[in-house]
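These are the residues of each chain, in order.
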Amino acid sequence: MAEARIIDGKAFAAGLRARVAEGVAALKASHGVTPGLAVVLVGEDPASQVYVRSKEKALADLGMNSFDHHMPADLGEAELLALIDRLNADPAVHGILVQLPLPKHIDTQKILARIVPEKDADGFHVVNAGLLATGSPGAIVPCTPLGSLLLLRDTLGNDLKGKRALVLGRSNIVGKPMAQLLLQQDCTVTVAHSRTQDLPGECRRADILVAAVGRPEMVRGDWIKPGAVVIDVGINRVPHPTEPGKTKLVGDVAYDEAVKVAGAITPVPGGVGPMTIACLMLNTLAAACRAAGAPVPAEALA
Ligand SMILES: Nc1nc(=O)c2c([nH]1)NC[C@@H]1CN(c3ccc(C(=O)N[C@@H](CCC(=O)O)C(=O)O)cc3)C=[N+]21
Ligand SMILES: [Mg+2]
């Protein structure tokens with residue numbers, strides 16, 4: 001059997017960012033509005049700082065405003081809520097992203113619930129989850145599932161109808177919204193997790209396998225149906241196998257095994273990760289379009 005087609009998320013994300021940049025320019029020209037995203041980072045976690053910097057760079061590259069709020073690790077919950085209230089009320093701010101994880105003394109759900117749903121660029125608010133689950137218009141879709149769906153549609157020529165999809169992982173951020181999106185595409189959807197009996201067997205039935213459990217290389221090659229499309233959402237930093245003291249990124253799928261069985265597969269890095277950031281830009285543009293009464297880009301509607 002031939003090796004899998006490699007799904008180039010990095011290239012697709014570059015194309016998506018270019019389309020977003022066009023949308024940004026068009027909204028400026030038609031409505032005099034520049035989309036703006038507020039990025040809130042609490043504390044100095046090095047990984048979070050890297051991610052936040054790449055988000056801020058993407059915003060600048062696409063001609064959007066970035067409002068950076070880098071706060072000390074000991075920021076009180078009340079102060080953070082007050083900041084959210086100010087951003088909610090600021091008409092130049094169309095999207096608000098609170099980088100997760102937050103320090104332990106802050107109640108994450110309470111913070112996310114305070115963001116007005118219209119500005120919830122991550123799509124984490126219960127109102128957006130509910131709109132997505134009911135297929136209602138106006139849902140802001142979480143970035144990683146949206147990016148994964150765009151790659152799947154591109155790979156399968158938009159034809160997901162009737163396919164068996166297995167979502168491995170049931171988080172509110174990826175697994176659950178991914179399952180909702182696949183259902184909307186008329187897939188037959190199974191959501192599997194750590195308590196699922198016969199996980200390999202469930203995976204082997206799937207035409208589409210989305211792995212989002214955060215367990216390095218858990219999905220083995222012999223868990224994959226020959227020809228299946230594999231979307232690997234995992235981004236796990238592990239000790240480098242041959243270079244002591246160094247680390248490397250691996251997905252939730254054992255790539256070298258899977259690439260011999262799958263029909264198509266996303267690599268890590270260069271797969272879903274860049275799509276997450278591109279979709280954050282898309283969601284911010286979409287929020288600005290809605291606020292201005294302009295048409296929303298179709299890709300954001302899932
Ligand atoms: N409110 C919030 N929203 C998020 O969307 C959010 C968050 N908090 N907290 C952290 C996670 C993580 N995340 C990533 C985004 C892009 C890459 C990405 O582009 N990864 C590159 C590799 C980057 C590297 O080399 O480290 C790739 O996969 O090719 C990774 C991780 C967004 N997150
Ligand atoms: Mg996200």
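Quick caveat, the model's predicted, so the values are computed rather than measured.

## Focus: the overall build of the protein chain
Point 1. Check the secondary structure of the protein chain and you find 10 helices and 11 strands.
Point 2. Over its C-alpha atoms the protein chain spans a radius of gyration of 19 Å, differing by no more than 12% from the 19 Å that the globule rule assigns to 302 residues.
Point 3. When its C-alpha atoms are laid out on the principal axes, the protein chain stretches across 55 × 45 × 30 Å.
Point 4. Within the protein chain, the fraction of its 302 residues that count as buried is 43%.
Point 5. Long-range pairs, those at least 24 residues apart, make up 68% of the contacts in the protein chain between residues at least 6 apart in sequence.

## Things to note about the site of ligand 1
Point 1. By nearness alone, 16 residues border ligand 1, and Leu100, Pro269, Gly270, Gly273 and Thr276 come closest of all.
Point 2. Those elements that place two or more of their residues in the shell around ligand 1 are strand 4 (95–98) and helix 10 (272–292).
Point 3. Considering only residue class, the shell around ligand 1 consists of 11 nonpolar, 4 polar and 1 charged.
Point 4. Split by domain, the residues of the shell around ligand 1 number at least three in each of domain 1 (31–118) and domain 2 (142–273).

## Considerations on the packing of helix 2 (residues 46–61) against helix 10
Point 1. Two elements in contact, helix 2 and helix 10, have axes whose closest approach is 10 Å; the angle formed by their N-to-C orientations is 50°. Taken together, the axis directions place helix 2 and helix 10 in an arrangement best described as oblique. In this structure, the crossing between helix 2 and helix 10 has a hand that is right-handed. Facing Ser54, Lys55, Ala58 and Leu59 of helix 2, the residues of helix 10 in contact are Ile277, Leu280 and Met281.
Point 2. Classifying every residue of the contact of helix 2 with helix 10 gives 5 nonpolar, 1 polar and 1 charged.

## What about the sheet that holds strand 11 (residues 264–265)?
Point 1. The 6 strands are arranged 1-11-8-7-5-6 in an open sheet whose pairing can be described as parallel. On the outer flanks of this sheet lie strand 1 (5–6) and strand 6 (188–192), each paired with one strand and no other.
Point 2. Summarising the sheet, strand 5 (residues 164–168) and strand 6 pair through 5 bridges and their orientation is parallel. Across the sheet, the residue bridging to Arg164 is Thr188, located in strand 6.

## Observations concerning the packing of helix 6 (residues 143–155) against helix 10
Point 1. Direction vectors running N to C along helix 6 and helix 10 enclose 110°, while the axes themselves pass 8 Å from each other. For the element pair helix 6 / helix 10, the angle class is roughly perpendicular. For the pair helix 6 and helix 10, the contacting residues are Cys143, Thr144, Leu146, Gly147, Ser148, Leu150 and Leu151 in the first and Val272, Met275, Thr276, Ala278, Cys279, Leu280 and Asn283 in the second.
Point 2. Its residues placed into classes, the contact of helix 6 with helix 10 shows 9 nonpolar, 5 polar and no charged.

## Things to note about the sheet that holds strand 3 (residues 65–71)
Point 1. Spatially, 3-2-4 is the arrangement adopted by the 3 strands of the open sheet, whose pairing is parallel. Each having just a single partner strand, strand 3 and strand 4 make up the two edges of the open sheet. The sheet shows a mean angle of 15° between the axes of neighbouring strands, direction not considered.
Point 2. The pairing of strand 2 (residues 36–42) with strand 4 spans 4 bridges and is classified as parallel.

## A few points about the UniProt feature "binding site: NADP(+)" (unreviewed entry) in the protein chain
Point 1. Under the feature "binding site: NADP(+)" (unreviewed entry), the UniProt entry names Gly169, Arg170, Ser171 and Ile235.
Point 2. Within the secondary structure, Gly169 is located in the loop between strand 5 and helix 7 (175–184).
Point 3. With near-sequence residues (within four places) excluded, Gly169 lies in contact with Val174, Gly175, His193, Ala212 and Val213.
Point 4. Counting through the fold element by element, Arg170 comes out in the loop between strand 5 and helix 7.
Point 5. Those residues in contact with Arg170 that lie beyond four places of it in its chain are Gly175, Lys176, Val191 and His193.

About the criteria used
- Residues numbered from 1 in each chain as written.
- Chains lettered and ligands numbered in written order.
- Predicted model: local features only at pLDDT ≥ 70, side-chain atom pairs only at ≥ 80, totals over all residues.
- Helix = DSSP H or I, 4+ residues; strand = E, 2+ residues; numbered from the N terminus.
- Rg over C-alpha atoms; globule rule 2.2 N^0.38 Å.
- Buried ≥ 20, exposed ≤ 12 C-beta atoms within 10 Å, placed from the backbone.
- Contact = placed C-beta atoms within 7 Å.
- Near = placed C-beta within 6 Å.
- Nonpolar A, V, L, I, M, F, W, Y, C, P; charged D, E, K, R; others polar.
- Domains from an automatic or database assignment.
- Axes fitted to C-alpha atoms, helices over the stretch in contact; angles between N-to-C directions.
- Parallel < 35°, antiparallel > 145°, perpendicular 65-115°, else oblique.
- Left-handed = near helix turned anticlockwise from the far one by under 90°.
- Pairing = 2+ DSSP bridges.
- UniProt positions renumbered as here; feature names shortened; annotations may be inferred.

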